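The chain contents come next:
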Amino acid sequence: MKILVSVSKLDIYFFLIAIFAVIGLNPYYIWGTLQLFYTISLALLILSSFYFKVIFSNRKFSLSPIIFILVFYFSFSNGASVLGATGISAGIAFIFSIKNNYLVSIFYRFKQIYAFILIPGLILWVLHQFLGNDFLYLGKFDESAIPNQLKVDAGQGYALYPFTVVLDYMLYQPIYRFMGPFDEPGVVGTISAIVLAANKFKLKNKSDFIVLFSGVASLSLAFYLMSFIYLLFKSISNFKYFFSLFLIVPSIIGLASINESFRRYTFERLIIQDDGKISGNNRGDLALDIAYSKWTNGDIYDFLFGISDYVSSGASSGKVIFIKTGFFGFLVFLSVFLISFLVSYDKSNKNLDFYIFLLVFFASIYQRPEVLTPVFIMLFLSGIVNSKNI
């Protein structure tokens, strides 16, 4: 009986850690209060950790101060306040210290919660194709609470529906991109692709199919490319994945040939323009290119520690890491993942899943470099550990 109670308490604790990870994705329910929810949940988890100390690795805990210092430096250099950098560093150090086998259990709970909060928006997304976007429309979301005020300055807002939001300008398009309760479709596309890759694209339960369908409905180019990369390399060793790829690719091409919106969101974004750039690369702009050029051609201080007077234009790509934190900041950034990798990697793990997951995860950084957060560290560590499981 005591064993059953103990397991039940651990399950609850894992569930709370998974909720903490979801909070880090900043769903619209907590816009304007993210710091409050994040701080309270992290404080409760740390206080409770003394009771659940069995789930923490002594080796990883001894390295957690180093992780804390590295993340604090990077976050502070990246524009976070002292309190903000402290919160991010503490959250990552906490996740980092958990034993590998327990991290995988937390990952599966995260996947379930993530899929659950996507369901209402997915149902509405389907219904809107038949009933129109006015169905269950609740009005415009309060602009003052929108986390990215650059969107507000650009005239963008959010249409509010039960348990989901949509960027208002997308409602005037034949098919809007699904984004669930998050601020961009790319969040759903990126997280869904990483979750599927960390789970080795096993579609064994309802949550797996929900995550997959959410990524497809997000019409995120990142999701399609990351998924294609995983399935392509996986098909080398497993004919089942090759067969899946053989069915999926023609289906996507066929859909693009008959649906203009789908074609515009996918294939037309891969067209090479006259200036040599990809037409669908929305992760940068002229201001970012100028700042990156300034970093590469600047003095040694700017090169090492970043451009101090850089003002973000809202663009997001891997270049931002160099611009804001310099080459030294980039090395710090890599060090966090290198240490995380070394404490999670099993030398006996030489299967293809491990290498494909690393490729997919680091490919995501190009278009969404904000990965030094507890949720991404949890996904990174879980993907590494889970790749060795049969």
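This is a predicted model, so every value here is computed, not measured.

Scoring rules and cut-offs
Residues numbered from 1 in each chain as written. Predicted model: local features only at pLDDT ≥ 70, side-chain atom pairs only at ≥ 80, totals over all residues. Heavy atoms only, no water. Pairing = 2+ DSSP bridges. Helix = DSSP H or I, 4+ residues; strand = E, 2+ residues; numbered from the N terminus. Buried < 20%, exposed > 50% of the residue type's maximum accessible area, 1.4 Å probe, protein only. Lys, Arg positive; Asp, Glu negative; His and termini not counted. Salt bridge = Lys/Arg side-chain N within 4 Å of Asp/Glu carboxyl O. Contact = heavy atoms within 4.5 Å. Core = buried A, V, L, I, M, F, W, Y, C linked by side-chain atoms within 4.5 Å.

Peer 1: So what about the sheet that holds strand β3 (residues 164–167)? Which residues, and what values?
Peer 2: The antiparallel open sheet is built from three strands, whose spatial order is β1-β2-β3. The sheet is open, and its two borders are formed by β1 (139–140) and β3, each paired with just one other strand.

Peer 1: Which residues make up the pairing of β3, and what values do they have?
Peer 2: Covered by surrounding structure in β3 are Thr164 and Val166 together with Val165 and Leu167, the residues of both alternating faces. Bridge count between strand β2 (residues 158–161) and β3: four bridges; the pairing is antiparallel. The residue of β3 that forms the bridge with Ala159 is Val166. Taken together, β2 and the strand that follows it, β3, pair antiparallel across an intervening segment of two residues, in which Phe163 is found at a positive phi of about 65°.

Peer 1: I'd love a proper account of the side chain of Asp168, names of residues and values included.
Peer 2: The topology assignment puts Asp168 in the loop between β3 and α7 (185–198). In this structure, Asp168 is buried with no salt-bridge partner, the nearest side chain bearing the opposite charge being Lys140 at 4.3 Å. Contact partners of Asp168, with chain neighbours within four places excluded, come to Lys140, Gln156, Gly157, Tyr158 and Ala159.

Peer 1: An account of the environment of Gly326 is needed here, citing residue identities and associated values.
Peer 2: Within the secondary structure, Gly326 sits in helix α14 (residues 319–344). Each C-alpha atom, one on Gly326 and one on Ile300, is 9.8 Å from the other, the two residues being 26 residues apart in sequence. Contact partners of Gly326, with chain neighbours within four places excluded, come to Trp295, Asp302, Phe303, Leu304, Phe305, Gly306 and Ile321.

Peer 1: Provide a residue-level description of the nonpolar core, including the pertinent values.
Peer 2: Counting residues in hydrophobic clusters, the biggest one holds 106 residues, and the most contacted among them are Ile98 and Phe110. Top contributing element to this core by residue count: helix α5 (residues 100–131), with 13 residues. Those residues in contact with Phe110 that lie beyond four places of it in its chain are Ala18, Ala21, Val22, Leu25, Ile191, Val195, Val375, Met378 and Leu379.

Peer 1: Describe the pairing of β2, with residues and values.
Peer 2: Every second residue of β2 is oriented toward a common face, with Tyr158 and Leu160 on one face and Ala159 and Tyr161 on the other, all of them buried. One ladder, built from two bridges, connects β1 with β2; its direction is antiparallel. Note on β2: the bridge partner recorded for Lys140 is Ala159.

Peer 1: Quick rundown of the pattern of salt bridges? Include the residues and the values.
Peer 2: All chains considered together, the criterion is met by seven salt bridges. Between Glu143 and Lys140 there is a salt bridge, and its shortest N-O distance comes to 3.3 Å. On the basis of relative accessibility, which here comes to 51%, the residue Lys140 falls in the exposed class. In this structure, Lys151 engages Glu184 in a salt bridge whose closest nitrogen and oxygen atoms are separated by 2.8 Å. In this pair, Lys151 is assigned in helix α6 (residues 149–153) and Glu184 in the loop between β3 and α7, connecting sequence segments 33 residues apart. Owing to a relative accessible area of 8%, Lys151 belongs among the buried residues under this scheme. Among the charged side chains, a network of salt bridges with common partners joins Lys151, Glu184 and Arg368.

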